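So you can see what is in the structure, the chains are spelled out below.
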Amino acid sequence: MPEVIFTGPAGRIEGRYQPAKEKGAPIAIILHPHPQFGGTMNNQIVYNLYYDFAKRGFSVLRFNFRGVGRSQGAFDHGQGELSDAAAALDWAQAMNPDARACWIAGVSFGAWIGMQLLMRRPEIEGFISIAAMANRYDFSFLAPCPSSGLFVHGSEDRVAPVKDVVSVIEKVKTQKGVKLEHAVIEGANHFFDGKVDELMVAVDEYLDKRLGATEDVT
């Protein structure tokens, strides 16, 4: 799990990068929760997603948005963080010029950033959006959503209630062949306290369906 530093729009960005063993492997970028509420790349869900994609043979990058950890800059209410995410994908693609495809996974604030990046980068073929704050951020830019993916929510999420995400999913027009799925983890709050294992089961079931079941290589 090598530490990496790469250049972003606001200066240095700190990350962790796990290269795939096979040439041409897909890329996954993992985006952390809100920087002003303790979100970092070491968030438990981000950490689990990182290793989940790594064991599936992806080249995986997680990183700290500007102003978090050793990443330079200051919080920019989403606009700068989207630029950071684009720079992270650029860096990962430069490291993996033969990569066939890319996935994006985001948690809370990171889910909002990830979905915006999805709209700008046609090479992103799948997404995982966890605890997307559809009540606080505008998701109307998903018009239409270009890639299939999974939204996961906790039934007891008081920060971003399930009904708001369901409303977004129902309103989103999709391109032909694109399917949006939604999983609800019973009893889970916004942070999935005590429910991360159940969350990852739902994520794995979806990834198995999209990518094929994986053998545990650890």
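Residues numbered from 1 in each chain as written. Predicted model: local features only at pLDDT ≥ 70, side-chain atom pairs only at ≥ 80, totals over all residues. Heavy atoms only, no water.

The protein is annotated in an unreviewed UniProt entry as Xaa-Pro dipeptidyl-peptidase-like domain-containing protein of Microvirga flocculans.

*Asks:* Honestly, the environment of Pro146 in this entry has me stumped. Any pointers?
*Replies:* In this structure, Pro146 sits in the loop between β6 (124–130) and β7 (148–154). When the C-alpha atoms of Pro146 and Arg120 are compared, they prove to be 9.7 Å apart, with 26 residues separating the residues in sequence. Leave out the neighbours within four places in its chain, and Pro146 touches Leu118, Met119, Gln175 and Val178. (Helix = DSSP H or I, 4+ residues; strand = E, 2+ residues; numbered from the N terminus. Contact = heavy atoms within 4.5 Å.)

*Asks:* What exactly am I supposed to notice about the sheet that holds strand β2 (residues 11–18) here?
*Replies:* Across a sheet, paired strands are connected by hydrogen bonds in the backbone, their directions being either parallel or antiparallel. The strand order across the open sheet built from eight strands is β1-β2-β4-β3-β5-β6-β7-β8, with neighbouring strands paired in mixed fashion. Strands at the two margins of the open sheet, each flanked by one partner only, are β1 (3–8) and β8 (180–185). Adjacent strand axes in the sheet meet at a mean angle of 20° when their direction is disregarded. Of the strand pairs in this sheet, strand β3 (residues 27–31) and strand β5 (residues 102–107) are connected by five bridges, and their pairing is parallel. Following the sheet pairing, Ile29 is matched in β5 by Ile104. (Pairing = 2+ DSSP bridges. Axes fitted to C-alpha atoms, helices over the stretch in contact; angles between N-to-C directions.)

*Asks:* Any chance you could explain the nonpolar core here in plain terms?
*Replies:* Nonpolar side chains in soluble globular proteins tend to be buried together. Membership of the largest hydrophobic core comes to 43 residues, with the highest contact counts inside it found for Ile29, Phe63 and Phe139. Leaving out residues up to four positions away in the same chain, Ile29 has contacts with Leu61, Phe63, Ala88, Leu89, Ala92, Cys102, Trp103, Ile104 and Ala105. Grouped together as the second largest cluster of nonpolar side chains are 29 residues, Ile30, Phe192, Leu199 and Val203 included. (Core = buried A, V, L, I, M, F, W, Y, C linked by side-chain atoms within 4.5 Å. Buried < 20%, exposed > 50% of the residue type's maximum accessible area, 1.4 Å probe, protein only.)

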